[in-house]
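# Secondary and tertiary structure notes
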Amino acid sequence: MNRNPSNRRSGLIKCLTAGLATLALLATAACGGAEGSQNAASSQSDSGSLVVDSSFDLITMDPARSFETSTVMMLRATYQSALKFVDNDMNSPQPEVCKYKMSADNKVVTLTLNGDHYFADGKKVTVDDIVYSYQRVQSIKGNPSFYLDGVTVAKVNDTTLTLTSETANPSIPYILPSVNLGIVEKSVVEANGGKLSENDGAESYLNKNSVGSGPYQFDSVSMDSKVVLKRNPKYVGQKPKYDKIIINNVDSSTQLTNIKAGTTDVAMDINNDEAQQLTSSEAHVSSGPSGSTTFLWFNADSQYGGKASNTKFVSAVRHALSYDKYIKVYGKGSVQAFGIVPNSFLGALSSSSENKKNLKTAKTELAASGYDGEEIQFLYSSDDDEATQVAQLFQSDMKELGVNIKLVGQPTTTRLDTFRSGKFQAGLSTWGADYPDPSDYLVFTPDQNISKRTGWYTTSGAAASNGWKASESADDIMPLVEAAQSASGNDARAKAWQKLQESLNKQSPFVPLVTQGTSIVTSTKLSDVQYDLLNNIDFTVIH
């Protein structure tokens, strides 16, 4: 499903809209400033309030429905999951409420409670609660329902449940840490309209009340202005420092003003350029790579791609790019994307000789492609400053190579529709991961979602399409795709995905450019704040 190759949710999904409607409800500067000035002043004490500025895109606070950027940190603070990631290590899910075991055939995940955990009303988290939480996500058909497509959730006994997939699905442990799979208190949800069907009526209750076992619970929720979290007195785990977390809806420019003035503690949406202008006496900046990969694409179907459909042409482009310049556009925390899978995920490539500038090789490949000077149309989002800069850099690099590029800028929503048509020649896009596992990147393999937008079909895929042509490179790569899908165990999966990506870098219509960076800006009074790749920020580790 990711559904839109441009920007997605969270640090993991920082930039996307994922084909999922997100609504930016930017509030006024005064909204957070006044309150922040009082609370930030007291945040040096052990039990004060932590004031956070964030640009809200809240639509729902129901974990089974929410898929918006700013909701993630709030749900992470209020709901526990069966598994979690620790210290941004996306390669190894760790126990939170449960420990897990994967069957040898990668079809069955067994979850076992790892002790006692409590909801805020004092009731224990049970296997029934977990089973209900997962089945509700599946049943109500919300945006996150795809996480457990084809998975049967069943109670085994009072301490154990199983998740059984129809086919091998080693990504399940990497999906379970999602806030959308947070564990809700079954009895409370049912008492407030919860049903295991699309007729579920608990959303309005959950928009005001959290029913999780996390370190905090909702104190008050106003989805267009402010969300206040208070401690869960029954939380089992390290006690968070702050009694309350006050999250104000503040636009990004005001966040910069507030952090400089010391009237807020955490600013979530200051861009990289602005963050780099802050001095160490004004704020701390925590940066890191996100889960968003920016890439070039070229239509592999000759009827739409023309000379750009030739793999030699794409190879020439790969060797003609000044990669460091593109990294600078996206700022601190950004790194070169050596493959399509982000650098911090299992199976990522740490280097690539294919995606390295060598103008001599590039010109040799271009000559072999049969390129004759024709104009190549290049699509980008004209309302995105970074995309505009990248497009201009690309045009410059191609001029040095001897390729005539015509930039075609369209507003993002229009640009996405054009890309989705599968009939444009070339362009720039970004893919934000739904979950931190390489399997989310199968969409870049032949006949899949993103590949269809670039006309990259196998012989059988083209036969089933509505007029697209098959590509030899697509047929050639399929054995490696199948090997990556069937690999079992982290080591084998990592090797299989690395091998697949090395081949993608030689034969696919995609050229990975940058894993985008992202930053969180905090008051100098705070310590131990770090950007959280999956959830943006973890309030429990702030001191």
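Everything below is about the structure shown above.
Right, let's walk through the structure included here. (Residues numbered from 1 in each chain as written. Predicted model: local features only at pLDDT ≥ 70, side-chain atom pairs only at ≥ 80, totals over all residues. Heavy atoms only, no water.)

### With respect to the environment of Gly306
Worth spelling out the cut-off: For helices the rule is a DSSP run of H or I covering at least 4 residues; for strands it is a run of E covering at least 2, with both sets numbered from the N terminus onward. The buried label applies to any residue whose accessible area, calculated with a 1.4 Å probe on protein chains only, is under 20% of its type's maximum; exposed applies above 50%, and partly exposed to all values in between.
Inspection of the secondary structure assignment puts Gly306 in the loop between helix H9 (302–305) and helix H10 (311–318). Accessibility expressed as a relative area gives 30% for Gly306, which makes it partly exposed.

### Here we look at helix H11 (residues 323–330)
The condition that has to hold: Taking the helix axis as origin, the arc is that swept by the directions to the C-beta atoms. When checking whether two residues touch, look at their non-hydrogen atoms; a contact exists if any pair is within 4.5 Å.
Of the positions making up H11, those classed as buried are Tyr323, Tyr326, Ile327, Val329 and Tyr330. Here the buried residues of H11 occupy an arc of 155° about the axis, which is enough to place them on one side. In H11, the exposed residues that point more than 90 degrees away from the buried face are Asp324 and Lys328. Check the buried side of H11 and you find it contacts helix H8 (272–277), strand E12 (284–298), H10, strand E13 (335–336), helix H13 (385–401) and strand E17 (510–522).

### With respect to the packing of aromatic side chains
For clarity, the threshold we go by: Any two of the Phe, Tyr and Trp rings considered here, Trp counted by its six-membered ring, make a pair once their centres fall within 6.5 Å; the pair's planes then place it as stacked at under 30 degrees, edge-to-face at over 60, or tilted in between.
Applying the stated rule across the entire model yields 19 aromatic pairs. Relative to Tyr174, the ring of Phe85 lies with its centre 6.3 Å away and its plane at 35°, an arrangement referred to as tilted. Here the residue Phe85 occupies a position in the loop between strand E2 (83–84) and strand E3 (94–95), and Tyr174 occupies one in helix H4 (residues 172–175), the gap between them amounting to 89 residues. Tyr174 shares its class with Phe85; the two are buried.

### Side note on unusual backbone geometry
Although it is not a glycine, Asn106 sits at a positive phi angle of roughly 60°. Positionally, Asn106 belongs in the loop between strand E4 (98–102) and strand E5 (108–113). What makes Asn106 buried here is its relative accessible area of 5%. For Asn536, which is not glycine, the phi torsion reads 75° and is therefore positive. Mapped onto the secondary structure, Asn536 falls in the segment after E17. On the basis of relative accessible area, Asn536 is assigned to the buried category, the value being 7%.

These values are about where atoms sit, not about what they do.
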